[in-house]
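The primary structure of each chain is shown beneath.
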Amino acid sequence: MTVIMEGKIKTQTMDTMPKGNEGSSIKIKVLFFARARDLTGLSEMPLEVSSGSSAHDCLNDLVAKFPSLEEIRGCMVLALNEEYTTESATVKDKDELAIIPPISGG
Amino acid sequence: MTPEEKTLVEILDEHNPIDLARYINYVTAPQAGAIATFSGTTRDSFEGKTVLELRYEAYKPMAIRCIKSICSSARSSWSLHSIAVAHRLGPVPVGVTSVFIAVSAVHRADALDACKFVIDELKASVPIWKKEVYANGEVWKENSEFLERRLELGRQDGVSGGKNVDFEGHVKKGCCGAKVKVNGGGVANISTGHGGSRELE
């Protein structure tokens, strides 16, 4: 398999070092809620990352794409497949990662 | 035939008011001598500003999971019959109920304590957000209960470090790591705890 490193390829990833084997990529769905949606302008988007990436890696990618997310980085939490997760969790193909700004239910 | 113990969790889409009687009815049972309820309503002001309405949104499937998990935790800490929790989404005008909890139990201490637990946990961990709308702006609110709990969410050990539980009961970890909070913090308020309110125009 030829891995193309240069050229006008539309990729989702930034300058992250490929982790895992052979640099194969996986695709997850990212959800933005409340203030996170205001900051990115999106409710959801697909994100392609290297296989073996962590939630932290995904978040780095997202902040690189949407620098204004930095505003809530310190107080947000993440959820993976509808459960709260730490940033060290590994994401797999077809996972759903939610960006959860400080909640205010009730 | 005696009604079974049951739990109802509903997140209502926009413009669907909460029918309080329906949920009270749901938890009512001949053997349950106590029904405790909590109704959260939109207040007309915050820090001197007039509030026109609150607008709610949710990560709905996860919110339902989290609330069910909170109900499970409540059952493992108190002897309960039935539980009903409803939360509205969309705009909720002043004075109107946005969240309603009804808990039935044989004895009132269980019902009252569990009811408080459920609303406290909901405010700390359920992915629902509200925007406070004023005449000249609007701001996303942030529950202080969440900000206190934030670092514990997602941790696998599931037990709140450092806080003592002042009642009996074993807390089962659900998907949101529902924690038991020490009584004495007062009423859970709609409040911001992170850098104050930011007003968006």
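Residues numbered from 1 in each chain as written. Chains lettered and ligands numbered in written order. Predicted model: local features only at pLDDT ≥ 70, side-chain atom pairs only at ≥ 80, totals over all residues. Heavy atoms only, no water.

### A word on the sheet that holds strand β8 (residues 97–105) of chain B
All names here are of chain B. Pairing in this open sheet of four strands is mixed, and the strands run β1-β6-β8-β2 from one edge to the other. For this open sheet the edge positions go to β1 (7–12) and β2 (34–41), each flanked by a neighbour on one side alone. Pairwise comparison of adjacent strand axes, ignoring direction, gives a mean angle of 5° for this sheet. One ladder, built from five bridges, connects strand β6 (residues 83–88) with β8; its direction is antiparallel. Across the sheet, Ala86 pairs through a bridge with Phe100, a residue of β8. (Pairing = 2+ DSSP bridges. Helix = DSSP H or I, 4+ residues; strand = E, 2+ residues; numbered from the N terminus. Axes fitted to C-alpha atoms, helices over the stretch in contact; angles between N-to-C directions.)

### Here's the deal with the environment of Arg108(B)
As for its position among the elements, Arg108(B) is in helix α3 (residues 108–125). For the pair Arg108(B) and Ala32(B), spaced 76 residues apart in sequence, the C-alpha to C-alpha distance is 9.0 Å.

### So, the pattern of salt bridges
Within this structure, the stated rule accounts for 19 salt bridges over all chains. For Lys60(B), the salt bridge goes to Asp13(B), with nearest N and O atoms at 2.9 Å. Here Lys60(B) is found in helix α2 (residues 60–77), whereas its partner Asp13(B) is found in the loop between β1 and α1 (20–27), with 47 residues between them in sequence. We classify Lys60(B) as partly exposed; its relative accessible area is 27%. In this structure, Glu53(B) and Arg55(B) form a salt bridge, with 2.7 Å as the shortest nitrogen-oxygen distance. Among the residues examined, Glu53(B) registers a relative accessible area of 19% and is labelled buried. Each of Asp38(A), Glu53(B), Arg55(B), Lys131(B) and Glu138(B) takes part in salt bridges that share partners, so that together they form one network. (Salt bridge = Lys/Arg side-chain N within 4 Å of Asp/Glu carboxyl O. Buried < 20%, exposed > 50% of the residue type's maximum accessible area, 1.4 Å probe, protein only.)

### Details of a nonpolar patch on the surface
Residues and elements named next belong to chain B. On the surface, a nonpolar cluster with roughly 190 Å² of combined accessible area is contributed by Leu20, Ile24 and Ile35. Looking at where Leu20 falls in the secondary structure, it is placed in helix α1. Take Leu20: its relative accessible area is 30%, and that puts it in the partly exposed class. (Patch = residues over 30% accessible without salt bridge, like charges linked within 9 Å, V, L, I, M, F, W, Y side chains within 5 Å. Areas by Shrake-Rupley, 256 points an atom, 1.4 Å probe, with all protein chains shown as cover.)

### A few points about α2(B)
Compared with the 26 Å implied by 1.5 Å per residue over 18 residues, the 26 Å span of α2(B) between its first and last C-alpha is a close match. Residues Met62(B), Ala63(B), Cys66(B), Ile67(B), Ser69(B), Ile70(B), Cys71(B), Ser73(B), Ala74(B) and Ser77(B) constitute the buried set of α2(B). (Expected span 1.5 Å × (residues − 1).)

### A short note on unusual backbone geometry
All names here are of chain A. Even without being a glycine, Ala34 presents a positive backbone phi close to 50°. The residue Ala34 is located in helix α1 (residues 34–40) in this model. For Lys94, which is not a glycine, the phi torsion comes out positive at approximately 75°. For Lys94, the position within the fold is in the loop between β4 (83–85) and β5 (96–100).

### Notes on the side chain of Thr42(B)
All names here are of chain B. Here Thr42 shows up in the loop between β2 and β3 (45–46). A distance of 3.4 Å separates the side chain of Thr42 from the backbone oxygen of Pro93, its partner in a polar contact. With near-sequence residues (within four places) excluded, Thr42 lies in contact with Val51, Glu53, Leu54, Val92, Pro93, Val94, Gly95 and Val96. (Polar contact = N/O pair within 3.5 Å; in protein donor to acceptor, adjacent residues only side chain to side chain. Contact = heavy atoms within 4.5 Å.)

### Regarding the interface of chain A and chain B
Opposite the 26 residues of chain A that make contact, chain B presents 38 residues. Between chain A and chain B, roughly 2700 Å² of surface is buried when both sides are summed, and carbon and sulfur atoms account for 57% of that area. On the chain A side of the interface with chain B, the three residues burying the most area are Glu82(A), Tyr84(A) and Ile103(A), jointly 28% of the side's total. On the surface where chain A and chain B come into contact, there are 20 residue pairs in polar contact (both at pLDDT 80 or more). Of all the secondary structure elements, the ones that give two or more residues to the side of chain A that touches chain B are α1, β3 (77–80), β4 and β5 of chain A. A per-element tally of the side of chain A that touches chain B places α1(A) first, with four residues. Across the side of chain A that touches chain B, the residue classes break down as 13 nonpolar, seven polar and six charged. (Buried area = accessible area lost by both parts, 1.4 Å probe. Nonpolar A, V, L, I, M, F, W, Y, C, P; charged D, E, K, R; others polar.)

### Notes on the packing of aromatic side chains
Counted by the stated rule, this structure contains five aromatic pairs over all chains. Centre to centre, the rings of Phe32(A) and Phe66(A) are 5.9 Å apart; their planes meet at 75°, and the pair counts as edge-to-face. Of this pair, Phe32(A) sits in strand β1 (residues 25–32) while Phe66(A) is found in the loop between α2 (55–65) and α3 (70–73), placing the two residues 34 residues apart along the sequence. By relative accessible area, which is 1% here, Phe32(A) ends up buried. An angle of 55° between the planes, with centres 5.3 Å apart, marks the rings of Trp78(B) and Phe117(B) as tilted. Of this pair, Trp78(B) sits in the loop between α2 and β6 while Phe117(B) sits in helix α3, and the two are 39 residues apart along the sequence. In this pair, the class of Trp78(B) matches that of Phe117(B), namely buried. Taken together, the ring pairs connect Phe33(A), Tyr59(B) and Trp129(B) into an aromatic cluster. Above the plane of the ring of Tyr26(B) lies Lys6(B), whose end atom (NZ or CZ) is 3.9 Å from the centre. It is Lys141(B) that lies over the ring of Phe46(B); its NZ or CZ is 3.1 Å from the centre. (Phe/Tyr/Trp six-rings, centres within 6.5 Å; stacked < 30°, edge-to-face > 60°. Lys NZ or Arg CZ within 6 Å of the ring centre and 35° of its normal.)

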